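# Coordinates in review
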Amino acid sequence: MKRTLIALFLLSTLTISIFGWGFSVHKIIAKTAIERLSGPSLGYFLPLESQIMIYSTYPDEHQDFEAGTAHFMEIDFYAEPPFDNLRSKIENYMQTYGEAIGRGHGYAPWAINKYYHLLVEDIAINSPDVPKIAGILAHFASDINMPLHATVNFEGQMTGQSGIHGLWESAIVDKRFDQSMILSTRISTVTDIIDASLENSKIAWHYAQSLLAIDRSEKALFEQLSKDSLISSISYENILWDSTKWIAAVQITRSVEFVSTLFQMAYNESKNYIPKAESRPKIVIFKISSNGNDQYVAIKNAGEKSVNLKGWKISNGEGKYFLFENDFVIDPGRYILVHSGSDAKGLIWSNSLIWSSHGKAQLFDPDGNMVFEFVY
């Protein structure tokens, strides 16, 4: 029970720790990972480089994306070093206490696995979503190597170092790191992406302990020297950077290597991919608000692919229709509201009232097929 309450508390505060490497570093990782490919895979990804770099920061720009918990994996919540049988301990915890509680401590390895397989499929079918999926995969595969993403002490809150995450990530590393600091890399093959991601988490955890120890030592010295007026023009950010840039170089290099490996594997695997039977988009109506002068119908993408709603229609079951006339892309897990009534705002169907106190709403695809009916 105690661990469950702790998990619930941390789940409620997880937004503090969702950011890993900063925007600049994520773009450097994506760019370098692509440029270190070779042969056909380099020829495939290089023309997409600028788009993939843009999407490499997408999960940070949309904080509700994947509920924020795909960025990290707090392995020391589930086990102690050397983290034996870590995967089974994580999976057993989720089965015992619920997946949502378990995910409160991160599920980056499973997110990496998910977007890897989406990338394989998208490359195979020549999907226009390849840059987006590749960028998202690069983001999570990079964040797994951010040291402070591997520990429950992600913010230094347990050791009197609150603020270390944002300080090191944004004020220090993201402003000072450049591509020339990346070490040599080697593209390999991994047999299990989740296991490989967890191994990266273990390594990141050890670097987190080094980073936190260095910060404690340097800060104590800096504060003493400041008190004695022995330094005046040197900033603490510069001191911590000089002491920890080797950690940034090693772990960002590891990120580049992992992203390159996943891109290479996805390209190779796509050549043997057997497309699944095409499934229909999972667009659903999940709520009708018929009260007041700002009524609305709520529509959600319950599938795993973005859907362009151009040509789709909503019916109120009484002969009134709303047509999506222009391109309107709704991403997986996102929803939209279509308003009506004299106080309607946002995406407006009509300034007249559309919905009765009870009835039904229907959703039609561009071919005129009714794909969903909602009775209220």
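The numbering scheme is per chain: residues are counted from 1 as the chain's sequence reads. A pLDDT threshold of at least 70 governs which residues receive local features in this predicted model, and a stricter bar of 80 or more applies before side-chain atom pairs are shown or counted, although totals over entire chains, interfaces and linings include all residues. Calculation of side-chain values draws on the structure's entire complement of heavy atoms; hydrogens and water are dropped beforehand.

Here the focus is the sheet that holds strand β8 (residues 347-350). In this analysis, strands are considered paired if DSSP registers two or more bridges between them. A run of DSSP states H or I qualifies as a helix once it reaches four residues; a run of E qualifies as a strand once it reaches two. Both are numbered from the N-terminal end. Within the open sheet, the four strands sit side by side as β1-β2-β7-β8. Their pairing is mixed. The open sheet is flanked by β1 (283-289) and β8, the only strands paired with a single partner. Averaged over all pairs of adjacent strands, the angle between their axes in this sheet comes to 30 degrees, without regard to strand direction. As defined by bridge partners, strand β7 (residues 335-340) adjoins β8 across three bridges and the pair is classed as parallel. Within β8, the residue paired with S340 across the bridge is S350. Helix axes are fitted only over the stretch in contact, all axes being lines through C-alpha atoms; the angle between N-to-C directions runs from 0 to 180 degrees.

Think of pLDDT as the predictor's per-residue confidence, scored from 0 to 100. Mean pLDDT for the protein chain: 91, with 93% of residues reaching 70 or above. Only heavy atoms enter the contact rule, under which two residues are in contact if any of them lie within 4.5 Å. Counting contacts from residues 1-17, a segment whose pLDDT is below 50, to residues more than four positions away or on other chains yields 27 contacts.

It is worth spelling out the sheet that holds strand β5 (residues 321-323) at this point. Strand order across the open sheet formed by four strands is β5-β4-β9-β10, with antiparallel pairing between neighbours. Strands at the two margins of the open sheet, each flanked by one partner only, are β5 and β10 (370-375). Within this sheet the neighbouring strands show an average axis-to-axis angle of 15 degrees, counted without direction. Summarising the sheet, strand β4 (residues 313-315) and β5 pair through three bridges and their orientation is antiparallel. Among the inter-strand pairings, S315 is bridged to a residue of β5, identified as Y321.

In this structure, the second largest pocket encloses a volume near 280 Å³. Using a 1 Å grid laid over the protein atoms alone, points where a 1.4 Å probe fits but cannot get out form a cavity; open sets with protein on both sides within 12 Å along at least 5 of 7 lines form a pocket; any residue with an atom within 4 Å of a point counts as lining. Taken together, 19 residues make up the lining of the second largest pocket; nearest its centre are E66, K114, Y115, E304 and P332. Elements with a minimum of two residues in the lining of the second largest pocket: α8 (108-124) and α9 (130-143). Take the lining of the second largest pocket: its biggest share by element is four residues, from α8. Only Asp, Glu, Lys and Arg are considered charged, only Ala, Val, Leu, Ile, Met, Phe, Trp, Tyr, Cys and Pro nonpolar, and every remaining residue, Gly among them, polar. Classifying every residue of the lining of the second largest pocket gives eight nonpolar, three polar and eight charged. Grid points are joined across faces, edges and corners, and a volume is the space filled by probe spheres set on the points.

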